[in-house]
Amino acid sequence: TVTSPLTGIKSFQSPVITANGISRGTIEFINSDLIPLNNLSFTDSWAQANTQIALVPAFDNTCGGNFTYNAAVSRRSFSFAGGQVPPQVGGVSGRCRVSFDVVMDGSGSSPFTNTLLANTVTTAEGFSNPANISGPLARITHSLTILKSFNPLALLSVGDPSILTVTIGNPAAS
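This structure is a prediction, so every number in the text was calculated from the model and none was measured. (Residues numbered from 1 in each chain as written. Predicted model: local features only at pLDDT ≥ 70, side-chain atom pairs only at ≥ 80, totals over all residues. Heavy atoms only, no water.)

1. Describing the sheet that holds strand β2 (residues 16-18)
Argument step 1. Within the open sheet, the three strands sit side by side as β2-β11-β10. Their pairing is mixed. On the outer flanks of this sheet lie β2 and β10 (112-116), each paired with one strand and no other. Shown here is a sheet whose adjacent strand axes are inclined to one another by a mean of 25 degrees, direction ignored.
Argument step 2. Across five bridges, β10 lies against strand β11 (residues 133-140) in antiparallel orientation. Bridge pairing links Leu116 to Ile133 in β11. (Pairing = 2+ DSSP bridges. Helix = DSSP H or I, 4+ residues; strand = E, 2+ residues; numbered from the N terminus. Axes fitted to C-alpha atoms, helices over the stretch in contact; angles between N-to-C directions.)

2. Description of unusual backbone geometry
Argument step 1. Between Asn151 and Pro152 the backbone carries a cis peptide bond, its omega angle lying at -5 degrees.
Argument step 2. Examined against the element boundaries, Pro152 turns out to sit in the loop between β12 (145-151) and β13 (163-169).
Argument step 3. Of note, Ala58 is a non-glycine position whose phi angle comes to about 50 degrees, a positive value.
Argument step 4. Residue class for Ala58 comes out partly exposed when judged on its relative accessible area of 33%. (Buried < 20%, exposed > 50% of the residue type's maximum accessible area, 1.4 Å probe, protein only.)

3. Some details on the side chain of Asn114
Argument step 1. Mapped onto the elements, Asn114 comes out in strand β10.
Argument step 2. The exposure class of Asn114 is buried, given its relative accessible area of 0%.
Argument step 3. Within the structure, Asn114 has its side chain in polar contact with the side chain of Lys10 (distance 2.5 Å).
Argument step 4. At 3.0 Å, the side chain of Asn114 and the side chain of Asp44 are in polar contact.
Argument step 5. In this structure, Asn114 is in contact with Lys10, Phe12, Asp44, Trp46, Phe100, Ile133, Ser134 and Gly135, ignoring residues within four places of it in sequence. (Polar contact = N/O pair within 3.5 Å; in protein donor to acceptor, adjacent residues only side chain to side chain. Contact = heavy atoms within 4.5 Å.)

4. Considerations on the pattern of salt bridges
Argument step 1. Under the defined criterion, the tally for this structure stands at four salt bridges.
Argument step 2. As a salt-bridge pair, Lys10 and Asp44 come within 3.1 Å of each other at their nearest N and O atoms. Linking Lys10 in strand β1 (residues 6-12) with Asp44 in strand β4 (residues 37-45), this pair joins segments that are 34 residues apart in sequence.
Argument step 3. Given the relative accessible area of 5%, Lys10 is considered buried. (Salt bridge = Lys/Arg side-chain N within 4 Å of Asp/Glu carboxyl O.)

5. Details of a nonpolar patch on the surface
Argument step 1. Where nonpolar side chains cluster on the molecular surface, the patch consists of Ile146, Phe150, Leu153, Leu164, Val166 and Ile168 and spans about 660 Å² of accessible area.
Argument step 2. Only β12 and β13 provide two or more residues apiece to the nonpolar patch.
Argument step 3. Looking at the nonpolar patch element by element, the count peaks at three residues for β13.
Argument step 4. As for its placement among the helices and strands, Val166 is situated in strand β13.
Argument step 5. What makes Val166 partly exposed here is its relative accessible area of 47%. (Patch = residues over 30% accessible without salt bridge, like charges linked within 9 Å, V, L, I, M, F, W, Y side chains within 5 Å. Areas by Shrake-Rupley, 256 points an atom, 1.4 Å probe, with all protein chains shown as cover.)

6. Here's the deal with the packing of aromatic side chains
Argument step 1. Scanning the model with the defined rule gives eleven aromatic pairs in all.
Argument step 2. Taking 6.0 Å as the distance between ring centres and 75 degrees as the angle between the ring planes, the aromatic pair formed by Phe42 and Phe78 counts as edge-to-face. Of this pair, Phe42 sits in strand β4 while Phe78 sits in strand β8 (residues 77-85); the two residues are 36 residues apart in sequence, bridging distant segments of the chain.
Argument step 3. Residue classification places Phe42 among the buried positions, given a relative accessible area of 4%.
Argument step 4. Classification of Phe78 by relative accessible area gives buried; the value is 1%. (Phe/Tyr/Trp six-rings, centres within 6.5 Å; stacked < 30°, edge-to-face > 60°.)

7. Structural notes on the state of the cysteines
Argument step 1. Under the counting rule described, the total for this entry stands at one disulfide.
Argument step 2. The residue that forms a disulfide with Cys63 is Cys96, at a sulfur-sulfur distance of 2.1 Å. Across the S-S bond of Cys63 and Cys96 the torsion is about 90 degrees, and the bridge reads as right-handed. Residue Cys63 is located in the loop between β6 (60-61) and β7 (66-68), and its partner Cys96 is located in strand β9 (residues 94-104); the two are separated by 33 residues in the primary sequence.
Argument step 3. By relative accessible area, Cys96 is classed as buried at 1%. (Disulfide = S-S within 2.5 Å.)

Structure representation (structure tokens):
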């Protein structure tokens, strides 16, 4: 039995965002073999309607491949092809990353878990990811409250002292 040297880690730079906030999704591909893995290819798509690729997706990668994305068709799917995950060198696994921006609105469910299912990331060498590559993104809908007050409220003349009190409230549990 041949074990695939290809694994991955998915994360979001801001793992918790406010409604309509943007977070940077990154998929890091890891190669534990002594040869490069060529033509790294996958499609990342999801059904959760309240999470979409940002209007400015900011696609970026260190794998050398190309993105395919059509916002008119779906803002919940993109493809990547032609990348290369470098080989392991001196006991250090080769790595490359693919990044994109997403936005989660205030409707629907949270958290959002973005998953590349097992065996959906492929290479020209016939290797694929043996396990799911997943990363969660959560949305908070609470916002801070800011109240200010002056004491005394009215001043009799220019230069009279007044105390400004600012109270900041955080309705979130943590």
